[in-house]
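Structural features, examined
Next come the chains, spelled out residue by residue.
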Amino acid sequence: MIDIADLRFRDLAIPRLHIPPGHTAVVGPNGSGKTTFLRLIAGLLTPISGTITVDGREIGEIETGFVNEFPDRNILFYRVRDEIAAPLRFRGISCNKTLEMVDAIVSRAGQAHLAPRLLKQLSGGEKTLVALLTAVISSPRILILDEFDSHLDQESISLSMDIIACSGAEYVIQCTQNMELAASCDQVLFLSEKGLELAGTPEEVFSRLRRTCFYPILWRIRDGT
Amino acid sequence: MELEFVDIRVERDYFLIQGAGIFAPGIHLVSGRVGSGKTTLAMIAAGLKTPDSGRVKRHGIGSVMLSMQFPEQHLTGSTLESEIASWHLQPCPVLALAGLPGREKDDPFSLSRGELKRLHLACILSRRFDLLILDEPFSALDCREKMATADRIGSIRAGITLIFTHENQHLPRVDYLWEIRESALEFLGSVPDALVGWKNKPSVLADLHKRGVYPKNLSTADILEAACRTHD
């Protein structure tokens, strides 16, 4: 369980929140603090006050994968193969083992054609897929995804969900503007300008958002409303 | 006024896009998968990239604007005020349109990506261009802003508007539909007839078509109207 207590950072304040294992969608309007929330959980920002722990351990002690909302800000290297290999090389894993793991993950994801390419030649969506593969190759316990799906088409989103499901990450926390995707997650958190407003299962959260555009369109059609 | 792709072709080591066709006045939606060449075509349409072969003809087109997928790539100002001024616009109405009133002195990089996209679109859509090319205009926007942006784009009455997008939830009313299939740009025709032949159509549209329900256009209002329709 990820436990948040008395968290404060700039305008974001979360007195108490428990995030169980599984896939959690973070939704809400632009500027409501979703990215700040994700960066706090990833340990990329330090709260002014309060704590974030995972099963009693400090967040910084837990292996975490992170995909930035700006595709270009994920990139460190020139070639796709080197980019995906980076987390393994930083851990001192042998070159042979690293290349074997890179080839395996790109093949499994059906993206072997990207491996020899230069990152600067890729589209925004392709860069995002590379960032996702880089984030999951070291099997992080926590995987944090900041609206990466906004760069992807439907088929690529489905592919990404398969990659995420196979990653073995215990906690996947994904900010998204795709409410159909959020509706398929285990939990949903709704942030607004007022802070964290709603947390619960998709049914619990979206039932409170029925009068807003955040209610999934497919559910609206299903309901006949 | 028209834009014509005359047998254009761009080929790199692992990438190919080719196409031919005429973009008449109206709103054109060009859809395609990740890496299919949407941005390449947008750059070619804007005259910022030259195809390896073929050519682009512009008839009667004076002003051209490309809205790039990543709003940060457009930034030239160090404050929102100076950024808006660089578009030869007054800050107050643009900030109001972007939902960012009173933030004239803020650094554009202090905005969230969605807010930055809103600012950029407010600047672009406050002006008029003969040829307006929008590369993923809905990326990073929340549903309220997607719907508002779709309405604004759908209300453009003059010139040629090209929308390159994989957005599948909130779209504007459009006149013509194109799709990139297996490295080739294909013209599917006028909407609504073209919607039936759309291969990678949005899931909500596919869901309605499966039930024999055919919306008149692509806006959220059109989709919901069709879903609730009780007669042909």
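Within each chain, residues carry numbers counting from 1 in the order of the written sequence. A letter from A marks each chain and a number from 1 marks each ligand, given out in the order of writing. Residue-level local features of this predicted model are given only where pLDDT is at least 70; pairs of side-chain atoms are given and counted only at 80 or more, and the full residue set underlies all totals for whole chains, interfaces and linings. Think of the side-chain values as coming from all heavy atoms in the structure, minus any hydrogens and water.

**Details of the overall build of chain A**
Only DSSP runs of H or I covering at least 4 residues are called helices, and only runs of E covering at least 2 are called strands; the numbering of each starts at the N terminus. Tallying secondary structure elements over chain A gives 8 helices and 10 strands in all. Over its C-alpha atoms chain A spans a radius of gyration of 18 Å, differing by no more than 12% from the 17 Å that the globule rule assigns to 225 residues. Taking the principal axes of the C-alpha coordinates as reference, chain A spans close to 50 × 45 × 25 Å. For chain A, the proportion of its 225 residues judged to be buried stands at 57%. Residues are treated as being in contact if the distance between any of their heavy atoms lies within 4.5 Å. Sequence separation of 24 or more characterises 65% of the internal contacts of chain A that already satisfy a separation of 6 or more. When the accessible area of chain A is evaluated, it comes to approximately 9,500 Å², of which 50% is carbon and sulfur surface. Under this rule, positive means Lys or Arg and negative means Asp or Glu; His and the chain ends count for nothing. By convention, the charge on Lys lies at NZ, on Arg at CZ, on Asp at CG and on Glu at CD. The centroid of the 23 positive side-chain charges in chain A is displaced by 3 Å from the centroid of its 28 negative side-chain charges. We compute the radius of gyration from the C-alpha atoms alone; for a globule the expected value is 2.2 Å times N to the 0.38, where N is the number of residues. Under the scheme applied here, a residue whose accessible area is under 20% of the maximum for its type counts as buried, over 50% as exposed, and between as partly exposed, the area being computed with a 1.4 Å probe on protein chains only. Accessible surface is estimated by sampling points in the Shrake-Rupley manner with a 1.4 Å probe; for residues, cover comes only from the protein chains shown.

**Concerning the sheet that holds strand 2 (residues 15-23) of chain B**
Residues and elements named next belong to chain B. Read across the sheet, 9 strands follow the order 4-1-2-9-8-3-7-6-5 without closing on themselves; strand pairing throughout is mixed. Across the chains shown, the open sheet's two edge strands, defined by having one partner strand only, are strand 4 (53-59) and strand 5 (64-67). If you compare each strand with its neighbour and ignore which way they point, the axes differ by 20° on average. Strands are treated as partners if at least two bridges between them are detected by DSSP. Of the pairings in the sheet, the one linking strand 3 (residues 26-31) to strand 7 (residues 160-165) comprises 6 bridges and is parallel in character. From the neighbouring strand, Ile27 faces strand 7, where its bridge partner is Thr161. Lines fitted to C-alpha atoms define the axes here, with helix axes fitted over just the stretch in contact, and angles between the N-to-C directions of these axes take values from 0 to 180 degrees. Those strands touched by helix 1 (residues 38-46) are strand 1 (2-12), strand 2, strand 3, strand 4, strand 5, strand 6 (131-135), strand 7, strand 8 (176-181) and strand 9 (184-190), and its axis lies near 130° from that of strand 1.

**Focus: the packing of helix 4 (residues 124-136) of chain A against helix 5 (residues 154-166) of chain A**
Each pair of packed helices can be summarised by the angle the axes make with each other and by the distance between the axes. Residue and element names in this part refer to chain A. One way to put it is that helix 4 packs onto helix 5 with a least axis distance of 11 Å and a crossing angle of 5°. Classified by the interaxial angle, the pair formed by helix 4 and helix 5 is roughly parallel. Residue-level contacts link Leu129, Leu132, Leu133 and Val136 of helix 4 to Ser156, Leu159, Ser160, Ile163 and Ile164 of helix 5. Following the grouping adopted for this structure description, the nonpolar residues are Ala, Val, Leu, Ile, Met, Phe, Trp, Tyr, Cys and Pro, the charged ones are Asp, Glu, Lys and Arg, and the polar ones are all others, Gly among them. A class-by-class count of the residues in the contact of helix 4 with helix 5 yields 7 nonpolar, 2 polar and no charged. Note on terminology: angles under 35 degrees are roughly parallel, angles over 145 are roughly antiparallel, angles of 65 to 115 are roughly perpendicular, and the others are oblique.

**Overview of the interface of chain B and chain A**
If you look at the interface, chain B gives 40 residues, while chain A gives 35 residues. Of the roughly 3,100 Å² buried at the junction of chain B and chain A (both faces included), carbon and sulfur atoms supply 55%. By salt bridge we mean one thing: a side-chain nitrogen of Lys or Arg within 4 Å of a carboxyl oxygen of Asp or Glu. The interface formed by chain B and chain A holds 4 salt bridges in total. Notably, a salt bridge pairs Glu193 of chain A with Arg144 of chain B, separated by 3.6 Å at the nearest N-O pair. For the purposes of these results, a polar contact is taken to be a pair of N or O atoms within 3.5 Å, where, inside protein, one atom must be able to donate a hydrogen and its partner to accept one; residues adjacent in sequence count only when each atom of the pair is a side-chain atom. Summed over the shared surface of chain B and chain A, the result is 17 residue pairs in polar contact (both at pLDDT 80 or more). For the side of chain B that touches chain A, the element with the most residues is helix 5 (residues 143-154) of chain B, which contributes 5 residues. Residues that form the side of chain B that touches chain A fall into these classes: 15 nonpolar, 13 polar and 12 charged. Buried area, as used here, totals the accessible surface that two parts lose on assembly, with accessibility defined by a 1.4 Å probe and the loss added over both.

**A few points about unusual backbone geometry**
Geometrically, the link from Val191 of chain B to Pro192 of chain B is a cis peptide bond, its omega value of 15° lying close to zero. Among the secondary structure elements, Pro192 of chain B is positioned in the loop between strand 9 and helix 6 (203-210). One non-glycine residue, Asp55 of chain A, adopts positive backbone phi at about 50°. Along the chain, Asp55 of chain A turns up in the loop between strand 4 (49-54) and strand 5 (57-58). Owing to a relative accessible area of 44%, Asp55 of chain A belongs among the partly exposed residues under this scheme.

**Quick look at the pattern of salt bridges**
Tallied over the entire structure, the rule returns 26 salt bridges over all chains. Between Glu179 of chain B and Arg181 of chain B there is a salt bridge, with the nearest N and O atoms lying 2.9 Å from each other. Arg181 of chain B shares its class with Glu179 of chain B; the two are buried. With its nearest N and O atoms 3.8 Å apart, the salt bridge here joins Arg211 of chain B to Asp207 of chain B. For Asp207 of chain B, a relative accessible area of 28% puts it in the partly exposed group. Beyond isolated ion pairs, a larger network of salt bridges with shared partners links Asp55, Arg141 and Glu170 of chain A.

**With respect to the side chain of Asn68 of chain A**
Looking at the element boundaries, Asn68 of chain A is found in the loop between strand 6 (64-67) and helix 2 (80-90). Those residues in contact with Asn68 of chain A that lie beyond four places of it in its chain are Arg39, Arg73, Asn74 and Asp146 of chain A.

**Quick look at the environment of Arg208 of chain A**
Assignment of secondary structure puts Arg208 of chain A in the loop between helix 7 (202-207) and helix 8 (217-223). In this structure, the C-alpha to C-alpha distance between Arg208 of chain A and Ile93 of chain A, residues 115 residues apart in sequence, is 48 Å.

**Observations regarding the nonpolar core**
The term nonpolar core refers to a set of buried residues drawn from Ala, Val, Leu, Ile, Met, Phe, Trp, Tyr and Cys, joined through side-chain atoms within 4.5 Å. With 50 residues, the main nonpolar core has Ile84, Leu132, Leu143, Leu145 and Phe206 of chain A as its most contacted residues. Per element, the largest residue contribution to this core is 7 residues, and it comes from helix 4 of chain A. Not counting the four nearest positions on each side in its chain, Leu132 of chain A is found in contact with Val67, Leu143, Leu145, Phe148, Ser160, Ile163 and Ile164 of chain A. Counting 45 residues, the second largest nonpolar core, distinct from the first, contains Ile217 of chain A together with Leu111, Ile156 and Leu205 of chain B.

**Some thoughts on helix 2 of chain A**
Residue and element names in this part refer to chain A. Of all the positions in helix 2, only Val80, Glu83, Ile84, Ala85, Ala86, Pro87 and Leu88 are classed as buried. Check the buried side of helix 2 and you find it contacts helix 3 (95-108) and helix 4. Positive phi appears at Gly92, one or two residues downstream of helix 2, with a value of about 80°.

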